[in-house]
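Listed below, chain by chain, are the residues.
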Amino acid sequence: MKKSVTVLGATGSVGHSTLKIIRENPDKFQVIGITANSNVTLLAKLAFEFMPKFVVISDLRLLSDLETRLAHVDIEILSGEEGLDFLASQKTDILIAAISGFAGFKPIFKAISVGTDIAIANKEALVAGGHLLMPLAKRKDVNILPIDSEHNAIFQCMMGQHWDDVENVTLTASGGPFLSITREDMHHIRPVKALKHPTWNMGAKISIDSATMMNKGLETIEAAWLFGIGREKVSAVIHPQSIMHGFVRFWDGTIISHMAPPDMKVPISHALAWPERLKIQTEKLDLTQTAGLEFIEINNEQFPCYDLAHQLIGEDPCYAVALNAANEIAVSLYLDNKLAFGDIYSLCIKTLDMIKIGSLDNYQSVIDYDSFARDISRSIVLSL
Ligand code: NAD
Ligand code: MG
C-alpha cells in the first residue's frame, strides 16, 4: 500500500529533495497535495508531474494564473491561508512540513488535529508553538518525525534507547560561512556572502540563520520540544566537516552518534519511510578519506544569537515566539539590504526586552502574539 503524502512548501529546498525521493520511489508514495507561496511556474510543473488531488498557492494574486495553467487537469486548486488550512485538514499518512517560517505553524496544527503524522523541517513552527504542537500530537497519537538533520540524527541515535539513560544531547553546526570572521568584520557583510553556505544548499532564510548561528540556537529549542528535554541537556558544537550530525551521551559514558553525507535526502527519506528505510541515491561517505573530525565550542562573543535562543528553553513560550518573529523580520530586512548583518542580533534582543508576557494556550493566541511581536520589532527598526 502506498503512503499518502502532503508536501507543504513543495517548491522550496526541502520540498525539492522530498519530491526527488518520491520520484525515485513511485511504488511507495502517492502525493495528495502540494503547496507553494508564489512560485506558480514550478508549482504547476510539479502538479503536472505528480497529479495530486489538491494544489495550493498561498499568494492570492497568483490564483488565476495557476487556474489558467491547470485548466485542463482534474486537480482542485486552492489559495491563501484558507486553502492551506483546508489541505492540511485532509488526513494523509504523512505531511511534510517544509514551509519556511512561522507561516507553517497553523497548517501543522490543523494536520495534527486530524491525526496526520508530521515529518517536520519547519523549525520555526516548533520554536514558536512547540508547547501546543507536542501535547496535541500526544493526545492525537500522531508521530512527529524530525527532518532537520541534527534532530533526525538524535532520533536515530535514540532508537532502542531510553531517555532516562541520557546525560545530554549535542547538535552539530557547520559554523556557517563566517566561522573565521570577527563580529566587527561581520557587521556590514552583504547578503550575497552570507547566502553562501559552505556545506548545505538551502533556502535564503535558513542560510542567513546559519550565518548568524541563530539557526543552531533555534535548533536547541526545537530539540527541547521534540525530545522533551531541558536546557541543560541540549547544546551545540561546531563541526566544520558536517558529517556527524548529532550525538547522545549516556550516563554510562557511551556516546552514540549519527553520521551521513551532508545531503537532506538522508533525513527526509528516513522520516518519509519510517519505520522502514529506503535505498536512495546519495554520496557514500568514505571514512578512510576523511582527514579528521573537528569539534569546536561556539564562541558567544562572535555568534551571540546562538546563546540568545538557547537560553529561552524552559522560559515562558512568549519569549520564543517573539524571538522567532523578530528574527524573521530582521532576516527579511537584511536580505532587502535594509538592515546590517550585525543588527539582526540587536533587533532580536531589543524586541525581547520590550515584550509583555501573555497567555498562549491556544493556536490563535500564538498567532496573535506573533503579530504583536512583529509590530514591536518593526517599531524598533525605525529607531535603530
Ligand atoms: P525555502 O525558502 O527553500 O522554501 C520554503 C517553501 O515554503 C517554499 O515552497 C515556499 O513557497 C513556501 N513558503 C515560504 N513562505 C511561505 C508563506 N508565507 N506561506 C506559504 N508558503 C510559504 O526553504 P527551505 O530551505 O526548504 O526550508 C524550509 C524549512 O525547513 C525551514 O523552516 C528551514 O529552517 C527548514 N530546514 C531546511 C533545511 C534545508 O536544507 N533547506 C534543513 C533543515 C531544516
Ligand atoms: Mg539543521
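For the structure, check the block above.
Residues numbered from 1 in each chain as written. Chains lettered and ligands numbered in written order. Predicted model: local features only at pLDDT ≥ 70, side-chain atom pairs only at ≥ 80, totals over all residues. Heavy atoms only, no water.

1. Some details on the pairing of strand β5 (residues 94-97)
Right, so step 1: Going residue by residue along β5, you find Ile94 and Ile96 tucked away on one face and Leu95 and Ala97 tucked away on the opposite face as well.
Right, so step 2: Sheet analysis places strand β1 (residues 3-8) next to β5, joined by 4 bridges and oriented parallel. Along β5, the bridge assignment pairs Thr6 with Leu95.
Right, so step 3: Judged from the 4 bridges that link them, β5 and strand β6 (residues 117-120) form a sheet pairing that is parallel. Of the residues in β6, the one forming a bridge with Leu95 is Ile118.
Right, so step 4: Chirality of the crossover, the property in question, places the unit of β5, helix α5 (residues 105-113) and β6 among those that are right-handed. (Buried < 20%, exposed > 50% of the residue type's maximum accessible area, 1.4 Å probe, protein only. Helix = DSSP H or I, 4+ residues; strand = E, 2+ residues; numbered from the N terminus. Pairing = 2+ DSSP bridges. Right-handed = clockwise from strand over helix to strand, strands pointing away.)

2. Quick notes on the sheet that holds strand β9 (residues 234-238)
Right, so step 1: Overall, mixed pairing links the 4 strands, which are arranged β9-β8-β10-β11 in an open sheet. Lying at the two open borders of the sheet, with one neighbouring strand each, are β9 and β11 (255-259). The sheet shows a mean angle of 20° between the axes of neighbouring strands, taken without regard to direction.
Right, so step 2: Strands β8 (166-173), β10 (244-250) and β11 of the sheet are contacted by helix α7 (residues 149-157), whose axis makes an angle of about 40° with β10.
Right, so step 3: Sheet strands in contact with helix α11 (residues 214-227) are β8 and β9, and its direction is about 145° off that of β8. (Axes fitted to C-alpha atoms, helices over the stretch in contact; angles between N-to-C directions. Contact = heavy atoms within 4.5 Å.)

3. Details of the site of ligand 1
Right, so step 1: Around ligand 1 sit 22 residues, and of these Thr11, Ser13, Asn37, Glu124 and Gly203 come closest.
Right, so step 2: A distance of 3.3 Å is found between an oxygen atom of ligand 1 and a backbone nitrogen or oxygen belonging to Gly9.
Right, so step 3: In the model, an oxygen atom of ligand 1 is placed 3.1 Å from a nitrogen or oxygen of the Gly12 main chain.
Right, so step 4: Considered on its own, ligand 1 offers 820 Å² of accessible surface; in the complex 84% of this is hidden by protein.
Right, so step 5: Of all the secondary structure elements, the ones that give two or more residues to the shell around ligand 1 are α1 (13-24) and α6 (123-139).
Right, so step 6: Along the lines of polarity and charge, the residues of the shell around ligand 1 split into 10 nonpolar, 9 polar and 3 charged. (Near = heavy atom within 4 Å. Polar contact = N/O pair within 3.5 Å; in protein donor to acceptor, adjacent residues only side chain to side chain. Areas by Shrake-Rupley, 256 points an atom, 1.4 Å probe, with all protein chains shown as cover. Nonpolar A, V, L, I, M, F, W, Y, C, P; charged D, E, K, R; others polar.)

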